[in-house]
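Secondary and tertiary structure notes
In case you want the letters, here they are:
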Amino acid sequence: MTWLRSKVVKTRKKHLCHGCQRTFPKGSKLHSCTNADCSYIWTIYLCPACDEIIPILISLYGNDDEIDEGYVINYMNDENFKGTPEKYLESLKREIKHDAHELSQDGR
Ligand SMILES: [Zn+2]
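This write-up is about the structure you can find in this document.

Calculation rules
- Residues numbered from 1 in each chain as written.
- Predicted model: local features only at pLDDT ≥ 70, side-chain atom pairs only at ≥ 80, totals over all residues.
- Helix = DSSP H or I, 4+ residues; strand = E, 2+ residues; numbered from the N terminus.
- Buried ≥ 20, exposed ≤ 12 C-beta atoms within 10 Å, placed from the backbone.
- Contact = placed C-beta atoms within 7 Å.
- Core = buried A, V, L, I, M, F, W, Y, C linked by C-beta atoms within 7 Å.
- Axes fitted to C-alpha atoms, helices over the stretch in contact; angles between N-to-C directions.
- Left-handed = near helix turned anticlockwise from the far one by under 90°.
- Nonpolar A, V, L, I, M, F, W, Y, C, P; charged D, E, K, R; others polar.

Across its full length, the chain holds 3 helices and 5 strands. Ordered by position from N to C terminus, the α and β elements of the chain give β-β-β-β-β-α-α-α. Sorting the 108 residues of the chain into buried and exposed places 22% on the buried side. Across the chain, contacts joining residues at least 24 apart in sequence account for 52% of those joining residues at least 6 apart.

If you want it as structure tokens, here you go:
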């Protein structure tokens, strides 16, 4: 899958975030991503948290062939994560830091 174009837009109507399935009212700042897969082109909207989470999940799990609706929320459910996507992003960032410094202490 190729991200053709990703830009931050101020929405003119309410949109569902493709990653976490939350609805954002009009006037929200969302990332509009236009994608191409073979001859198929479509646009999805992502909230700022999901826009950061998805590349992290792809780099962690290497699953970049399908960004399904609810991609982020599915990972959160799989990991039994109770909280907002923003919190999930924080915990993913901690995980990455932890992996990078595997020999240093956990910090907890
Ligand atoms: Zn989202």
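Attention shifts here to the nonpolar core. C17, L46, C47, C50, I53, I54 and V72 are the most contacted members of the largest nonpolar core, which totals 18 residues. Of all elements in the fold, only β5 (40-46), α1 (48-61) and α2 (71-78) reach the threshold of two or more residues within this core. If one sorts the elements of this core by residue count, α1 sits on top with 5 residues. In this structure C50 touches C17, G19, C20, V72 and P85, once residues within four positions along its chain are discounted.

Take unusual backbone geometry next. Notably, Q21 is not glycine yet its phi reads approximately 65 degrees, a positive angle. Even without a glycine there, the phi angle at N80 is positive, about 60 degrees. Structurally, the position occupied by N80 is in the loop between α2 and α3 (85-100).

Glancing now at the packing of α1 against α3. Two elements in contact, α1 and α3, have axes whose closest approach is 9 Å; the angle formed by their N-to-C orientations is 35 degrees. The crossing of α1 and α3 is left-handed. Between α1 and α3, the residues in contact are A49, C50, E52, I53 and I56 and P85, E86, Y88, L89, L92 and I96, respectively. Looking at the contact of α1 with α3 residue by residue, the class counts come to 9 nonpolar, no polar and 2 charged.

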